[in-house]
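This is what each chain is made of:
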Amino acid sequence: MSSFHLPFFTGTSTRSTFSFSIKSSSFPSSFSSSLVPFQRFDRFRSTSRTTTRSFSCVFYSLKAKAMAELVQDKESGAAATGSGGGVRPEVEHSRTFLEARSEQELLSGIRKEVEAGRLPPNVAAGMEELYQNYRNAVFQSGDPAAVGIVLSNMAVAFDRMLLDLRTVIFQDPFVFETYHRALREPFDYYMFGQNYFRPLINFRNSYVGNLSLFYEIEEKLKQGHNVVLISNHQTEADPHIIALLLEKTNPHVAENMIYVAGDRVIADPLCKPFSMGRNLLCVHSKKHMFDVPELAEMKRRVNTRSLKEMALLLRGGSKIVWIAPSGGRDRPDPFTEEWYPAPFDSSSVDNMRRLIEHSGAAGHIYPLALLCYDIMPPPPQVEKEIGEKRIITFHGAGLSIAQKISLPEIAASCEKSEEAKDVYTQALYKSVTEQYDVLKSAVHGKQGLEASTAGQVFSLHKFLTHNKKAIRFVHKRMLCKKNPIFFLMPINDINGRLPFIGAESIRN
């Protein structure tokens, strides 16, 4: 029970430079005429003050040893200001980026900060390249407002990165507690992340599977139940993409989900501003427990504390936790180059199951499939390092959930408890892979709603009204059947109404 290897960001690093690249891809040729992109929200601004200091200590702090130390042992007395209450006091810093009104002003602002001694030259080079790559990705969407979206989002992103560097330089970095609650004020880091990643998703080619089960989960949370989502893990942006796909239909789930996070997400200065807007349970990956041998014991203590923290959270009820028991991101097959969910670790699944059982509150485990690797695919190497190239594209995504799976149902057919644990993990994994296949056919195979048709098609658009009750009723009737069901629907429009709902299916 003392170790998790379930982060949504994985890997540690000894490299400290920053660079990015963009993968060019053709603009999607097929669009559903009944769908429109999500609406965009107002951007954010912050306060200001300038400062000068040597940066030699910044990059040393990004090495593997310092990365682990950033998850500080509470017993050491290190402060973790603001992380527990959802509030982070604003630190005054330069307003160079926030005051930019054009691409030229924004990029010249980077050089201005270097000349003023507030930004390391190699970090500045990475930021400039990031701007170009993000701009190209957003332009792939064909959105007529792309210029303004890019300028606004990158200005805020640069501002937050500069602020984080300033706090590191003055030895007052933001430190994530074992349980970090999303910072929503005075700066809303959650909406910052939503706004940044939203333009990268092709919502017209994105789908949610079995939406009625997300409504079911919301009801269970209101009743005080706990919910754990056992999922595959694809990109650094997984938490943001999940929230974006659910923000209109299930905002409570989107905003209150707790993600099990590895040490990299809370140490990399390019990840930290986005991580600060998510609810996180911070752990050290079992894969990297001994990367720095002298820190192994500290990492174990952190993980033990994380388990205790999770137990306390579940005891309070009404919690929803996302966890990836593969211990890392999905990878393409080296021979076929096809992406597929990485196998689950049975001990990680069993840890979560036991935590739920001993929480004292009702708990449920659902298998969740996520498809989004094209938006930010990882590099070819096995482990991701800080500062390596990040590939960004505009692409569709998919999210699907299946009916909850309980151990007693599985254990009834097993003679030994260890066998039941393995069979249970495999049952969850099988469900995730089945859903993943349907999402892949819908998004990558360009089958859309037809991807959920494996034998019998139900044309429901004439029957269903645009409300939750109708969807729940029909889906509940479909779920009475024994065969797996994949009920896909396209992402809802900006008014929150559900567009055409076709093709519900039963897999034979």
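Residues numbered from 1 in each chain as written. Predicted model: local features only at pLDDT ≥ 70, side-chain atom pairs only at ≥ 80, totals over all residues. Heavy atoms only, no water.

Going by the annotation in an unreviewed UniProt entry, the name recorded for the protein chain is glycerol-3-phosphate 1-O-acyltransferase, with Durio zibethinus given as the source organism. UniProt, in the comment section headed Subcellular location (unreviewed entry), describes the protein chain in these words: "Plastid, Chloroplast stroma". Its UniProt record gives the protein chain the following Sequence similarities (unreviewed entry) comment, quoted word for word: "Belongs to the GPAT/DAPAT family." (UniProt positions renumbered as here; feature names shortened; annotations may be inferred.)

A. Quick peek at the overall build of the protein chain. A count of helices and strands for the protein chain gives 15 helices and 16 strands. For the protein chain, buried positions account for 61% of its 508 residues. Residue pairs at least 24 apart in sequence account for 81% of intrachain contacts in the protein chain once pairs closer than 6 positions are excluded. Roughly 20,100 Å² of accessible area belongs to the protein chain as shown, and the carbon and sulfur atoms make up 51% of that amount. (Helix = DSSP H or I, 4+ residues; strand = E, 2+ residues; numbered from the N terminus. Buried < 20%, exposed > 50% of the residue type's maximum accessible area, 1.4 Å probe, protein only. Contact = heavy atoms within 4.5 Å. Areas by Shrake-Rupley, 256 points an atom, 1.4 Å probe, with all protein chains shown as cover.)

B. Up close: the side chain of Q435. Tracing the backbone shows Q435 in helix α14 (residues 417–443). Within the structure, the side chain of Q435 is placed 2.8 Å from the side chain of S400, a separation counted as a polar contact. (Polar contact = N/O pair within 3.5 Å; in protein donor to acceptor, adjacent residues only side chain to side chain.)

C. Examining the UniProt feature "short sequence motif: HXXXXD motif" (unreviewed entry) in the protein chain more closely. As recorded in UniProt, the sites labelled "short sequence motif: HXXXXD motif" (unreviewed entry) are residues 233–238. For residues 233–238, the helix share is 17%, the strand share is 0%, and the end-to-end C-alpha distance is 7 Å.

D. Fine view of the confidence of the model for the protein chain. Predicted confidence across the protein chain gives a mean pLDDT of 75, with 68% of residues reaching 70 or more. The spread of mean pLDDT over the elements of the protein chain runs between strand β16 (residues 504–506), the lowest at 26, and strand β4 (residues 226–231), the highest at 98. Within the model, the stretch residues 1–84 combines pLDDT values under 50 with 294 contacts to residues more than four positions away or in other chains. Under a pLDDT of 50 for its full length, residues 476–484 has, in the predicted model, 13 contacts with residues more than four places off or in other chains. (pLDDT = per-residue confidence, 0-100.)

E. Seen up close, helix α8 (residues 238–246). Burial of α8 is extensive: 9 of the 9 residues sit out of reach of the surface. Those residues of α8 that fall on the buried side of the exposure criterion are D238, P239, H240, I241, I242, A243, L244, L245 and L246.

F. A look at the packing of helix α11 (residues 296–316) against helix α12 (residues 346–357). The contact between α11 and α12 brings their axes to 9 Å, and the two run at 40 degrees. Compared by their axis directions, α11 and α12 come out oblique. The handedness of the crossing between α11 and α12 comes out as right-handed. Where α11 approaches α12, its residues L307, M310, A311 and L314 are matched on the opposing element by M352, L355 and I356. Within the contact of α11 with α12, the residues separate by chemical class into 7 nonpolar, no polar and no charged. (Axes fitted to C-alpha atoms, helices over the stretch in contact; angles between N-to-C directions. Parallel < 35°, antiparallel > 145°, perpendicular 65-115°, else oblique. Left-handed = near helix turned anticlockwise from the far one by under 90°. Nonpolar A, V, L, I, M, F, W, Y, C, P; charged D, E, K, R; others polar.)

G. Spatial organisation of the nonpolar core. Ranked by size, the top nonpolar core spans 82 residues in total, and within it L106, M154, F158, I217, L229, I241 and I242 carry the most contacts. With 13 residues, the top contributor of residues to this core is helix α5 (residues 146–169). Per-domain counts for this core show at least three residues from each of domain 1 (92–173) and domain 2 (177–378 + 388–470). Residues contacting L106, with those up to four places away along its chain left out, are F97, A100, Y131, L151, M154, A155 and F158. One finds I230, A369, L428 and A442 within the second-largest nonpolar core, a separate group that totals 42 residues. (Core = buried A, V, L, I, M, F, W, Y, C linked by side-chain atoms within 4.5 Å. Domains from an automatic or database assignment.)

H. Structural detail: the packing of aromatic side chains. Evaluated as defined, the whole model comprises 15 aromatic pairs. Seen in terms of ring centroids, Y259 and W322 are 5.7 Å apart; in terms of plane orientation they differ by 50 degrees. Their pairing is tilted. Of this pair, Y259 sits in strand β5 (residues 258–261) while W322 sits in strand β7 (residues 320–323), placing them 63 residues apart in sequence. Per residue, the accessibility class of Y259 equals that of W322, and both read buried. In this structure an aromatic cluster arises from ring pairing among Y134, F187, Y189, F192, Y196, F197 and F274. Looking at R160, its charged tip hangs above the ring of F187, at a distance of 3.9 Å from the centre. (Phe/Tyr/Trp six-rings, centres within 6.5 Å; stacked < 30°, edge-to-face > 60°. Lys NZ or Arg CZ within 6 Å of the ring centre and 35° of its normal.)

I. Geometry of the pattern of salt bridges. Evaluation of the coordinates by the stated rule reveals 16 salt bridges. Note that E247 is salt-bridged to R198, the shortest N-O span being 3.0 Å. One end of the pair, E247, is in the loop between α8 and α9 (251–256); the other, R198, is in the loop between α6 (189–197) and β3 (207–209), with 49 residues separating them in the sequence. With relative accessibility at 3%, the residue R198 sits in the buried group. Note that E418 and K421 form a salt bridge whose closest N and O atoms lie 3.2 Å from each other. Of this pair, E418 and K421 both sit in helix α14, 3 residues apart, which is roughly one turn of that helix. Judged by its relative accessible area of 47%, E418 is partly exposed. Each member of the salt-bridge network shares a partner with another, and the members are D350, R353, R354 and E357. (Salt bridge = Lys/Arg side-chain N within 4 Å of Asp/Glu carboxyl O.)

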